[in-house]
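Examination of the molecular architecture
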Amino acid sequence: MPPLTIGTAAARPGEITYGTIDGIALPTGGTDPFPVIIAEGKEDGPVMWITTGIHGGEHTGLMTIHQLLSQELADALRGTLIVLPALNPTGLRTKQRMPYVIQSDPNRLFPRPDQNASPSKTNSDSNAKPLSEIEEAFQRIYDLIAETQPACLFDLHNAWFGSIPFAFRDPVFFYPHGVGRTRAQAQKLQNRVGKMLDAFGFTIVNEFVADDYVSKNLHRSVSGSVLNGLDIPATTIELGSWMHIDSGVPQAAAAGLRNVMRSLDMLPGDPEPISGIPVLHPDYPVRRTIFPYAPKTGIVHHLRRPADPVQVGDPLVRMTDIYGRPILEDDGLIRSEYEGFVMAWHHGVVHYQGEPLVDLAIRDEDDLIVPYPG
Ligand SMILES: [Zn+2]
């Protein structure tokens, strides 16, 4: 077999090799390629992809990759690890979530996963506007992922300041009326996702499902697109604060990724413990929700920290005016309407009416196998 190549990087057994994948053309000349790293084991085995940096201000994934990749890893590896450390090179240079070349969230620009099942809804309907260069570049990366038939893909992100690190579990769609995945196949794929997330060992939080997921374009996120479009277990990992590295998070994430490789028989040995971060395993599945929103403009005093458990009726925040006097009934308190735990506070202490204040993980009764809406 010829050696695996990804862009200009060619795999060599027992080595880590480097290269680039074609990116977008720049108006000042030249192009903006994506860096790529391949760690190739001496023995053949499964392929795993790790991507990060599609949001340019999120850097813990980069730290994690730098800690994970070493000659020691390549020596012990069976199979192939393919790593893209900067899915948004312009955003990384400017330390911004979005690339300056397009005014939209790049993590909603991966290929639509329903192209095969619903041929009328392709990326480039003849009446629709042409694809942007970024979407074309992401299509090339998606095609490379498809060609290598990986066992799984991890896309590394950051969430809010002080947020707990966690793994998002996306819904898997089935197509009740069309060509495409059946309900039973969707369940099988979701079970494989579950095994992958259990091996990673972080707190697991379900994404918004069904209509909400598609209306938010999350089916065009890296993980949503690869999972639902290519039948490859894929996940978005949130690694705590952005623009700041929480101590312990990259070590925990690198350990989790090695544990996934062990579960795939790509690395020898027993799983490592995940330490240095809170890991929450309530005895019911949870999903993310925003609660509360500020009912009035004021100063927000948080009363529960990220990772703290919450019962219905527990005070979450107290809102005051500039003099410290409560501006709401019940001494300014807003109490939880849900059971679960705190994931994160939204930035700042000054909040205007209608702004989100807290992200909670709450009991999730929704099915994660859902008919494709529409
Ligand atoms: Zn992100």
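As the structure is a prediction and not an experimental result, all values here were calculated from the model.

This part covers the overall build of the chain. Helices and strands together make up the secondary structure of the chain, namely 8 helices and 20 strands. The C-alpha radius of gyration computed for the chain amounts to 21 Å, which stays within 12% of the reference 21 Å derived for 374 residues, consistent with globular compactness. With respect to the three principal axes, the spread of C-alpha positions in the chain is 70 × 55 × 50 Å. Counting only residues that meet the buried cut, the chain has 44% of its 374 residues in that class. Counted over contacts in the chain with a minimum sequence separation of 6, partners at least 24 positions apart contribute 71%.

Another aspect to go through is the domain arrangement of the chain. In many analyses, interface size is given as the accessible surface area lost on bringing the parts together. For the chain, the assigned domains read domain 1 (5-279) and domain 2 (286-363). Of note, the centres of domain 1 and domain 2, computed from C-alpha atoms alone, are 32 Å apart. In this assembly, 10 residues from domain 1 lie in contact with 12 residues from domain 2. Here the side of domain 1 that touches domain 2 is built from residues that sort into 7 nonpolar, 3 polar and no charged.

With respect to topology, 4 strands assemble into an open sheet ordered β16-β15-β13-β18, the strand pairing being antiparallel. At either margin of the open sheet sits one strand with a lone partner, and together these are β16 (333-335) and β18 (350-351). Relative to strand β15 (residues 315-320), strand β13 (residues 298-302) is paired through 4 bridges, and the arrangement is antiparallel. Across the sheet, residue His302 finds its bridge partner in β15, namely Val317.

Contact geometry for helix α1 (residues 60-68) and helix α8 (residues 249-263): axes closest at 8 Å, N-to-C directions at 60°. Here α1 is positioned oblique relative to α8, judged by the angle of their axes. Note that α1 runs across α8; the crossing there is right-handed. Contacts from Thr60, Met63, Thr64, Gln67 and Leu68 in α1 reach Val249, Pro250, Gln251, Ala253, Ala254 and Leu257 in α8. Looking at the contact of α1 with α8 residue by residue, the class counts come to 7 nonpolar, 4 polar and no charged.

Quick look at the packing of helix α5 (residues 183-200) against α8 now. Between two packed helices, the angle of one axis relative to the other and the distance separating the axes together describe the packing. For the pair α5 and α8, interaxial distance at closest approach is 7 Å and the crossing angle is 130°. In terms of orientation, α5 lies oblique with respect to α8. In the crossing of α5 with α8, the sense of the turn from one axis to the other is right-handed. Residues Met196, Ala199 and Phe200 of α5 touch α8, and the partners they reach there are Gly256, Asn259, Val260 and Ser263. Looking at side-chain class alone, the contact of α5 with α8 contains 4 nonpolar, 3 polar and no charged residues.

Time to look at the environment of Pro35. When you line up the elements, Pro35 lands in strand β4 (residues 31-40). Given 19 C-beta atoms within a 10 Å radius, Pro35 is considered partly exposed. A C-alpha to C-alpha distance of 9.1 Å links Pro35 and Asp22, two positions 13 residues apart in sequence. Setting aside its immediate chain neighbours within four residues, Pro35 contacts Thr20, Pro85 and Ala86.

The next point concerns the nonpolar core. Here is a general trend for soluble globular proteins: nonpolar side chains tend to be buried in one another's company. One finds Met48, Ile50 and Cys152 to be the most contacted residues of the largest nonpolar core, which totals 92 residues. Take this core: its biggest share by element is 8 residues, from α8. Of the domains in this structure, domain 1 (5-279) and domain 2 (286-363) are the two that each give at least three residues to this core. In this structure Ile50 touches Ile65, Leu81, Val83, Phe154, Leu156 and Leu257, once residues within four positions along its chain are discounted.

Here the bond from Phe291 into Pro292 is cis, since omega is -5°, no more than 30 degrees from zero. Here Pro292 shows up in the loop between β12 (286-290) and β13. One non-glycine residue, Lys95, lies in the positive phi region at around 60°. Take Lys95: it is sitting in the loop between α3 (89-94) and α4 (133-148). Residue classification places Lys95 among the exposed positions, given that 12 C-beta atoms sit within 10 Å. Backbone geometry at Gln149 places phi at a positive 45°, although glycine is not the residue there. Considering the arrangement of structural elements, one finds Gln149 in the loop between α4 and β7 (152-157). Since 11 C-beta atoms lie within 10 Å of it, Gln149 is described here as exposed.

The subject of this paragraph is the environment of Leu360. Tracing the backbone through its elements, the reader meets Leu360 in strand β19 (residues 358-363). Separated by 21 residues in sequence, Leu360 and Glu339 have C-alpha atoms that sit 9.0 Å apart. Not counting chain neighbours up to four residues away, the residues in contact with Leu360 comprise Thr289, Phe291, Val310, Tyr338, Gly340, Val342 and Met343.

Here α8 is 15 residues long and its end C-alpha atoms lie 21 Å apart, about the 21 Å a rise of 1.5 Å per residue gives. For α8, a buried count of 12 out of 15 residues is recorded, marking the element as mostly surrounded by other parts of the structure. Considered for burial, the residues of α8 that qualify are Val249, Pro250, Ala252, Ala253, Ala254, Ala255, Gly256, Leu257, Arg258, Asn259, Val260 and Met261. Taken together, the buried residues of α8 touch β5 (43-52), α1, β7, α5 and β11 (234-238). Downstream of α8 by one or two residues, Asp265 has phi in the positive range, about 65°.

Procedures and definitions
- Residues numbered from 1 in each chain as written.
- Predicted model: local features only at pLDDT ≥ 70, side-chain atom pairs only at ≥ 80, totals over all residues.
- Helix = DSSP H or I, 4+ residues; strand = E, 2+ residues; numbered from the N terminus.
- Rg over C-alpha atoms; globule rule 2.2 N^0.38 Å.
- Buried ≥ 20, exposed ≤ 12 C-beta atoms within 10 Å, placed from the backbone.
- Contact = placed C-beta atoms within 7 Å.
- Domains from an automatic or database assignment.
- Nonpolar A, V, L, I, M, F, W, Y, C, P; charged D, E, K, R; others polar.
- Pairing = 2+ DSSP bridges.
- Axes fitted to C-alpha atoms, helices over the stretch in contact; angles between N-to-C directions.
- Parallel < 35°, antiparallel > 145°, perpendicular 65-115°, else oblique.
- Left-handed = near helix turned anticlockwise from the far one by under 90°.
- Core = buried A, V, L, I, M, F, W, Y, C linked by C-beta atoms within 7 Å.
- Expected span 1.5 Å × (residues − 1).

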